[in-house]
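Topology and contacts: notes
What follows is the residue order along each chain.
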Amino acid sequence: MADFSLFALDDFTLQSGATLQNAYIAYKTFGDPSNPAIVYPTWYSGLISDNEWLLGDDMALSPKKYFIIIPALFGNGQSTSPSNTPEPRPFPRVTMLDNVTAQYRLVTGLGVKHVKAVLGWSMGAAQTFQWITQYPDFVDLAVPFCGAARCSLHNKVFLEGVKSALIAAKGAASGGISNGEATAASEYRAWTAEERETGLKALGRVYAGWGFSQTFYREKVYETHLGFKGLEDFMVNFWETWALSKDPENMMTMLDTWQSADCSDQDTYKGDFELAMKSIKAKTLVLPGKTDLYFPPEDSEYEVACMSPDVGKCISFPSIWGHWAGGPGNSKEDVKWLNEKLKVFFETGTVEDARNVASGVAYLSLN
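My aim in this report is to walk through the structure given alongside it, one point at a time. The model shown is predicted, which means the values in this text are computed figures rather than measured ones.

Conventions and cut-offs
- Residues numbered from 1 in each chain as written.
- Predicted model: local features only at pLDDT ≥ 70, side-chain atom pairs only at ≥ 80, totals over all residues.
- Heavy atoms only, no water.
- Helix = DSSP H or I, 4+ residues; strand = E, 2+ residues; numbered from the N terminus.
- Rg over C-alpha atoms; globule rule 2.2 N^0.38 Å.
- Buried < 20%, exposed > 50% of the residue type's maximum accessible area, 1.4 Å probe, protein only.
- Contact = heavy atoms within 4.5 Å.
- Areas by Shrake-Rupley, 256 points an atom, 1.4 Å probe, with all protein chains shown as cover.
- Lys, Arg positive; Asp, Glu negative; His and termini not counted.
- Charge placed at Lys NZ, Arg CZ, Asp CG, Glu CD.
- Phe/Tyr/Trp six-rings, centres within 6.5 Å; stacked < 30°, edge-to-face > 60°.
- Lys NZ or Arg CZ within 6 Å of the ring centre and 35° of its normal.
- Salt bridge = Lys/Arg side-chain N within 4 Å of Asp/Glu carboxyl O.
- Pairing = 2+ DSSP bridges.
- Axes fitted to C-alpha atoms, helices over the stretch in contact; angles between N-to-C directions.
- 1 Å grid on protein atoms, 1.4 Å probe; cavity = no way out; pocket = protein on both sides within 12 Å on 5 of 7 lines; lining within 4 Å.
- Points joined across faces, edges and corners; volume = space filled by probe spheres on them.
- Nonpolar A, V, L, I, M, F, W, Y, C, P; charged D, E, K, R; others polar.
- Core = buried A, V, L, I, M, F, W, Y, C linked by side-chain atoms within 4.5 Å.

Concerning the overall build of the protein
- For the protein, the helix and strand inventory stands at 12 helices and 8 strands.
- For the protein, the C-alpha radius of gyration of 20 Å lies close to 21 Å, the compact-globule estimate for 367 residues.
- Summarising its shape, the C-alpha atoms of the protein cover approximately 55 × 50 × 45 Å along the three principal directions.
- Across the 367 residues in the protein, those meeting the buried criterion constitute 56%.
- In the protein, the proportion of contacts linking residues at least 24 apart, taken out of those at least 6 apart, comes to 71%.
- Looking at the protein as shown, the accessible area adds up to about 14600 Å², and 51% of this sits on carbon and sulfur atoms.
- Separation of charge centres in the protein, based on 31 positive and 43 negative side chains, amounts to 3 Å.

What follows is the structure in structure tokens.
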């Protein structure tokens, strides 16, 4: 039995104009609905359960204090996705706006009138930015960590490499940025078992060069902290194992959502990114990873600089774990650092207090 619930969206019209028939969004809640609500969306490839590492009675995200809602991305295999929706093919483009529109319907359908906070890691951070620009009066606090309000040019190039490695296994080529395969709809076909395995293994190996920092590899943290016997063991039993647990069509759908992400791509802002940032009303604590190769701190600093005075603050994870500093809970030092920041921010509601939390956490050497 599935450990999550489904919220019916009926025929759901996407930003592109296409329709997902009989669409639904998967979700799970924690805590009493009478408590302040927190929305915590999933990340690229992540299942709802993959978010639960940050929850606990003694954690900042405590079900004793808050009503926590974890909604799943379209394409993650739990919400409407290629893997559970036979038609149409190719699967239509789903944007961040589409996801957050569906999440808003879910949250309000659960009886929530206002949200205390939205937060998320990676694509969860992008959804956080989408929430606070799309529904600026609905949220008090926001914490996007190791993510961005829009997919940068460099990030789009990285994702082209991931996509091309995956679809090369079925003899396909990229249709361009945010355009899936260069295959006519009439000629689109399903994956064979061999193509699926080959493509997903390739995806995992491409990802391996981006998920963690150069220093993480140089210091062989995959051995000292994660227990792998060597680099190839890590490649096979961490990266390939993770990738092989996924569906290639689902990964393509979520990748397209990520690659096209831009919270200013909505009628209110008409592509004016600086206006979108300035329109944010929620107090926003932006937490990039110091060594994140996807979302460097410089991008986060620009996002905060574009916000109105005293709305945003940018603090970097002082970590060598790269993108994985923000999740999914492998680095215990980074979990502690993040949890401390969240506790103070949720209790005080001010970005300055969150910045002044004493670090007190032992980090791996940056030498």
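Examining the packing of aromatic side chains
- Counting across every chain of the model gives 43 aromatic pairs.
- Their ring planes at 75 degrees and their centres at 5.8 Å tell us that Tyr66 and Phe346 sit as a pair that is edge-to-face. Taken as a pair, Tyr66 in the loop between strand S3 (37-39) and strand S4 (67-71) and Phe346 in helix H11 (residues 332-348) lie far apart in primary sequence, 280 residues in all. Residue Tyr66 shares its accessibility class with Phe346, and that shared class is buried.
- On the basis of an interplanar angle of 85 degrees and a centroid distance of 5.5 Å, the ring pair of Phe216 and Tyr217 is categorised as edge-to-face.
- Here the guanidinium or amino end of Arg150 rests over the ring plane of Phe273, the centre of that ring lying 3.8 Å away.
- Note that Lys170 overlies the ring of Tyr188, its terminal NZ or CZ placed 4.7 Å from the centroid.

Quick word on the pattern of salt bridges
- Scanning the entire structure with this criterion turns up 11 salt bridges.
- Among the ionic pairs, Glu52 bridges to Lys28, the shortest N-O distance being 3.2 Å. Of this pair, Glu52 sits in the loop between S3 and S4 while Lys28 is found in strand S2 (residues 19-30), placing the two residues 24 residues apart along the sequence.
- For the salt bridge of Arg189 with Glu195, the shortest nitrogen-to-oxygen distance reads 2.8 Å.
- For Glu195, a relative accessible area of 12% corresponds to the buried category.
- A network of salt bridges, in which partner residues are shared, links Asp3, Lys28 and Glu52.

Brief notes about the sheet that holds strand S1 (residues 5-13)
- Strand order in the open sheet formed by 8 strands is S1-S2-S4-S3-S5-S6-S7-S8, with mixed pairing between adjacent strands. Only two strands of the sheet have a single partner each, and these edge strands are S1 and strand S8 (312-314). The sheet shows a mean angle of 20 degrees between the axes of neighbouring strands, taken without regard to direction.
- The sheet contact formed by S1 and S2 spans 7 bridges and is antiparallel. The residue of S2 that forms the bridge with Ala8 is Tyr24.
- Strand contacts of helix H1 (residues 96-109): S1, S2, S3, S4 and strand S5 (115-121), with the helix running at about 130 degrees to S1, the strand carrying the most contacts.
- Packing of helix H10 (residues 297-306) onto the sheet brings it into contact with strand S7 (283-286) and S8, and relative to S8 it is tilted by some 160 degrees.

Overview of the layout of surface pockets
- Taken as a whole, the largest pocket spans an internal volume of roughly 280 Å³.
- Around the largest pocket, the lining comprises 16 residues; the ones closest to its centre are Pro90, Phe91, Asn179, Gly180 and Glu181.
- Each pocket or cavity is described by its volume, and for the second largest pocket that value is around 180 Å³.
- Split by residue class, the lining of the second largest pocket holds 6 nonpolar, 3 polar and 2 charged.

Side note on the nonpolar core
- Counting residues in each nonpolar core, the largest one holds 74 residues, and the members touching the most others are Phe145, Tyr207, Trp239, Trp258 and Phe346.
- Not counting the four nearest positions on each side in its chain, Tyr207 is found in contact with Tyr44, Phe158, Val162, Trp239, Trp242, Trp258 and Tyr294.
- The next biggest cluster of nonpolar side chains, apart from the first, holds 42 residues, and it includes Phe67, Val100, Val118 and Val304.

Focus on unusual backbone geometry
- Cis geometry is adopted by the peptide bond preceding Pro88, which originates at Glu87 and carries an omega value of 0 degrees.
- Its location among the elements puts Pro88 in the loop between S4 and H1.
- Along the chain, Gly327 connects to Pro328 via a cis peptide bond; the corresponding omega equals -5 degrees.
- Structurally, Pro328 can be placed in the loop between S8 and H11.
- Backbone geometry at Ser45 places phi at a positive 80 degrees, although glycine is not the residue there.
- Although it is not a glycine, Lys220 adopts a positive phi angle of roughly 55 degrees.
- Inspection of the secondary structure assignment puts Lys220 in the loop between helix H5 (214-218) and helix H6 (221-224).

Describing the environment of Glu197
- Tracing the chain through its elements places Glu197 in helix H4 (residues 193-211).
- For the pair Glu197 and Pro318, spaced 121 residues apart in the sequence, the C-alpha separation amounts to 36 Å.

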